[in-house]
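Residue-level listing of the chains:
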Amino acid sequence: MNRSRSAFPKDFLWGGAIAANQAEGAWDADGKGPSIADVCRGGIISGVADERVEPGKYYPSHEAIDFYHRYQEDVAMFAEMGFTLFRTSINWSRIFPKGDESEPNEAGLAFYDNLFDELLKYGIQPMVTISHYETPLHLATEYGGWENRKLIGFFSRFCETIFKRYKDKVKYWMTFNEINNMHKIPFAAGACRIDEGPDKVRRIYQASHNMFVANAKAVKLGKEIMPDNQVGCMLSLSAFYPNTCHPDDVFEAYEFRRRSLFYSDVMLRGHYPAYMNRVFEEFDVHLNTEPGDKELIRDHTCAFLAFSYYMSSTHKAGMPIQGTTGGVRGIDNPYLEKSSYGWAIDPKGLRYVCNELYDRYEKPLFIVENGFGDVDVIAEDGKIHDAYRIDYVRRHLIEISEALEDGCEVLGYAYWGPIDIVSAGTGEMRKRYGFIYVDKDNEGNGTLKRMRKDSFDWYKEVIASNGESLFTGGRY
Ligand code: P53
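Residues numbered from 1 in each chain as written. Predicted model: local features only at pLDDT ≥ 70, side-chain atom pairs only at ≥ 80, totals over all residues. Heavy atoms only, no water.

Quick notes on the overall build of the protein chain
Put simply, the rule reads: Secondary structure follows DSSP: runs of H or I at least 4 residues long count as helices, runs of E at least 2 residues long count as strands, and numbering of each begins at the N terminus. Atoms counted for the radius of gyration: C-alpha only. Globule rule: 2.2 Å times the number of residues to the power 0.38. Three exposure classes are used, based on accessible area relative to the maximum for each residue type with a 1.4 Å probe and protein chains only: buried under 20%, partly exposed in between, and exposed over 50%. Using a 1.4 Å probe, the Shrake-Rupley method yields the accessible areas, and only the shown protein chains count as cover for residues. When charges are tallied, Lys and Arg are placed among the positive residues and Asp and Glu among the negative ones, while His and the ends of the chain are skipped. To locate a charge, take atom NZ for lysine, CZ for arginine, CG for aspartate or CD for glutamate.
Of regular secondary structure, the protein chain possesses 15 helices and 16 strands. Scaling as 2.2 N^0.38, a compact globule of 476 residues should have a C-alpha radius of gyration of about 23 Å, and the protein chain matches this with 21 Å. Principal-axis analysis of the C-alpha atoms places the extent of the protein chain at approximately 60 × 55 × 45 Å. For the protein chain, the residues scored as buried account for 59% of the 476 residues in total. Per element, the accessible surface of the protein chain, about 18,700 Å² overall, is 48% carbon and sulfur. Each charge class in the protein chain was averaged separately, 56 positive and 70 negative side chains, and the resulting centres sit 2 Å apart.

See below:
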């Protein structure tokens, strides 16, 4: 059915999303301690993670785009685009520099007060990721990251501190960014150094269990401290297809998808699903749990499901899952084009995933990451004509409108990297997502000057028309 009008509700939230470590810089300013991101060269996902900050080496997070000092200018541009939503993370090691202190760092807390006030001044709702690939380094080196149950206590203290402080400023919270990426990137997602080995899977599930308990405690604290606000979970849920209609392909793709949905199953339905018994048996997983874990997980489920969606992947039975930056990639889908980074462009996959998730959970969905990362070229007229980005976003937004028509409850859309930031995958600046260009290269050279791309005006028009311009053509 072709629609000529958009289905976005009046209160649909429009905006963008970043992560603190990919944007803020100021990695050791005002009492901040180092995070796991601050020791990564070449990206938190596929780069090299040093034990400590080594002098003379280039770490992209240390300056990033200096959002810490330039947020006023950047927020003003988000406001110009008409944002009503802005997702960022609270850099844990600004608040608890080592992670295990009993008292927070006031200067770190003050920064987020200022940032949130600045957003609210323009009517932009801040949305917070509590932990986005930036656990305090000390918790990784001294405690072994989330494999250690002690992190539950440190995380709860962090949550309690920021909930109390920002409860009147932040309505929507998410516990762990892309928690289902524990399997692919346990260091980024869980601050654990888990190499290949016979007990790899067991260790990952143990760390995940500890995170589930921490998630449930965060939901509980949230309800106690800020009953009108909501704590949700966040997963990487790009689409996943069988390569052919061969039943082996179909079933194996289904099984692999469940390895991801397992995370939302636990956090939204409140228990370990039956299908995991067999997986745990296969990998000899015997979880260390404590009395009360089960009840906490059961009684404190998340209020919404937030997710990132960039692409789709296809799976052929028997194939190992390819863990590359950008996620699982499988084999080429002949029906789809790819970005120059090899990510298959699949707008309809987003409609598919919205339906898949809403069918399964019947809880509100939040699209908190979606975007097109590629190399931008400054044209002769000094501007960036990113028609490819406009095309990508337009097609994905139209599919969200379709999903809304299908009956899915989608609360908002936060475009990933509305301003160019450091790539989590590669640590590059060259892989750009922004509607706003930042003058900086992979080696850290550049003036950091901001510049509007063509997509800036385009997105502004989409928001101003509440999605109507997607269908009428607008100026583009
Ligand atoms: P970059 C894999 C699959 C989906 C999302 O990635 C992923 C990943 C890891 O790359 O990560 C999210 O910067 C993540 C962000 C990240 C964004 O995707 O490699 O939450 O921190 O920047 C885009 O292009």
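Next comes the rest of the description.
Considering the packing of helix α6 (residues 150-166) against helix α8 (residues 200-225)
Under the convention used in this document: Simply put, an axis is a line fit to the C-alpha atoms, just over the touching stretch for a helix, and the angle between two N-to-C directions goes from 0 to 180 degrees. Any angle from 65 to 115 degrees is called roughly perpendicular, while one under 35 is roughly parallel, one over 145 is roughly antiparallel, and all others are oblique. Two helices crossing with the near one rotated counterclockwise from the far one by less than a right angle form a left-handed crossing, whereas a clockwise rotation gives a right-handed crossing. Here, two residues are considered to be in contact whenever any of their heavy atoms come within 4.5 Å of each other. Under the convention adopted here, Pro, Cys and the residues Ala, Val, Leu, Ile, Met, Phe, Trp and Tyr are nonpolar, Asp, Glu, Lys and Arg are charged, and Gly plus all remaining residues are polar.
Taken N-terminus to C-terminus, the directions of α6 and α8 make an angle of 25°; their axes are 9 Å apart at the nearest point. Between α6 and α8, the angle is such that the two are roughly parallel. Between α6 and α8 the crossing geometry is right-handed. Taken together, the residues of α8 that come into contact with α6 (itself represented by I152, F155, S156, C159, E160, F163 and K164) are N210, V213, A214, K217, A218, L221, G222 and I225. Taken together, the residues that form the contact of α6 with α8 break down as 9 nonpolar, 3 polar and 3 charged.

Looking at the pairing of strand β4 (residues 85-89)
The test is simple: Two strands are counted as paired when DSSP detects at least two bridges linking them.
Of all 5 residues in β4, 5 are buried; the element is thus mostly enclosed. Across 3 bridges, strand β1 (residues 13-17) lies against β4 in parallel orientation. Paired with G16 across the bridge in β4 is F86. Here β4 runs beside strand β5 (residues 125-131); their pairing, made up of 5 bridges, is parallel. Within the sheet, the bridge partner assigned to T88 lies in β5 and is V128.

Remarks on the site of the ligand
Stated formally: Only a single heavy atom is needed: when it lies within 4 Å of a molecule or strand, its residue is near that molecule or strand. Identification of polar contacts relies on pairs of N or O atoms within 3.5 Å, with a donor-acceptor requirement for protein atoms, meaning one able to donate a hydrogen and the other able to accept it, and with residues adjacent in sequence counted only if both atoms are side-chain atoms.
Close to the ligand lie 19 residues; Q22, E369, A424, K431 and Y433 are nearest. At a separation of 2.9 Å, an oxygen atom of the ligand approaches a polar side-chain atom of H132. Contact distances for the ligand include 2.8 Å between an oxygen atom and a backbone N or O atom of A424. Protein burial of the ligand: of its 490 Å² of free accessible surface, 99% is covered by the chains. Residue composition of the shell around the ligand, grouped by class: 6 nonpolar, 9 polar and 4 charged.

Structural notes on the nonpolar core
Spelled out, the test is: Nonpolar cores are built from buried Ala, Val, Leu, Ile, Met, Phe, Trp, Tyr and Cys residues. Side-chain atoms within 4.5 Å join them into one set.
With 156 residues, the main nonpolar core has W146 and W173 as its most contacted residues. The element that contributes the greatest number of residues to this core is α8, accounting for 12 residues. W146 has contacts with W92, L151, I152, F155, F176, G190, C192, A207, N210, M211 and A214, leaving out every residue within four places of it along the chain.

A short note on the pattern of salt bridges
Convention followed: Any Lys or Arg side-chain nitrogen located within 4 Å of an Asp or Glu carboxyl oxygen qualifies as a salt bridge.
Under the definition given, this model contains 36 salt bridges. Here R149 and E290 are joined by a salt bridge, their closest N and O atoms 3.5 Å apart. Linking R149 in the loop between α5 (137-141) and α6 with E290 in the loop between α10 (275-282) and α11 (293-299), this pair joins segments that are 141 residues apart in sequence. On the basis of relative accessibility, which here comes to 44%, the residue E290 falls in the partly exposed class. Note that R202 and D199 form a salt bridge whose closest N and O atoms lie 3.7 Å from each other. Among the ionic contacts, a cluster of salt bridges with common partners joins D376, D386, R389, D420, R432 and K453.

A word on the packing of helix α9 (residues 247-269) against α10
Following both chains from N to C, one finds α9 and α10 inclined at 120°, their axes separated by 11 Å at the closest point. Classified by the angle between their axes, α9 and α10 sit oblique to one another. Crossing of α9 over α10 shows left-handed handedness. Across the interface between the two elements, R258, R259, L261, F262 and D265 of α9 pack against Y275, M276, V279 and E282 of α10. In terms of residue class, the contact of α9 with α10 is made up of 5 nonpolar, no polar and 4 charged.

Remarks on the environment of D100
Counting through the fold element by element, D100 comes out in the loop between α3 (92-95) and α4 (106-121). Given the relative accessible area of 24%, D100 is considered partly exposed. Sequence spacing of D100 and F212 is 112 residues, and the spatial spacing of their C-alpha atoms is 20 Å. Not counting the four nearest positions on each side in its chain, D100 is found in contact with H138, L139, Y143, F154 and R157. Among the polar contacts made by the side chain of D100, one reaches the side chain of H138 at a distance of 3.1 Å. Among the polar contacts listed, one links the side chain of D100 to the side chain of Y143, at a separation of 2.8 Å.

Observations regarding the sheet that holds β4
Read once around its circumference, the closed barrel built from 8 strands follows the order β1-β4-β5-β6-β7-β9-β13-β14, with strand pairing classed as parallel. Mean inter-strand twist for the sheet, computed between neighbouring axes without regard to direction, equals 25°.

Observations concerning the packing of aromatic side chains
Our working rule: Any Phe, Tyr or Trp ring, taking Trp's six-membered ring, that has another such ring centre within 6.5 Å forms a pair; planes under 30 degrees apart are called stacked, those over 60 apart edge-to-face, and the others tilted. Either the NZ atom of lysine or the CZ atom of arginine qualifies as a charge over a ring when it sits within 6 Å of the ring centre and within 35 degrees of the ring normal.
One pass over the full model with this rule turns up 42 aromatic pairs. Here the aromatic rings of W146 and F176 are separated by 5.2 Å at their centres, their planes lie at 90°, and the arrangement is edge-to-face. Placement of the pair is W146 in the loop between α5 and α6 and F176 in strand β6 (residues 172-176), with a sequence separation of 30 residues. Residues W146 and F176 agree in their burial class; the two are buried. Ring centres of Y415 and Y459 lie 6.5 Å apart, and the angle between their planes is 50°; on these two criteria the pair is classed as tilted. Taken together, the residues span a long stretch of sequence, with Y415 in strand β14 (residues 410-416) and Y459 in helix α14 (residues 454-464) at a distance of 44 residues. Accessibility assignment for this pair places Y415 and Y459 in one class, buried. In this structure, R94 is placed above the aromatic ring of F111, and the distance from its NZ or CZ to the ring centre is 5.7 Å. Across from the ring centre of Y341, 4.8 Å away, lies the NZ or CZ of K431, which sits over that ring.

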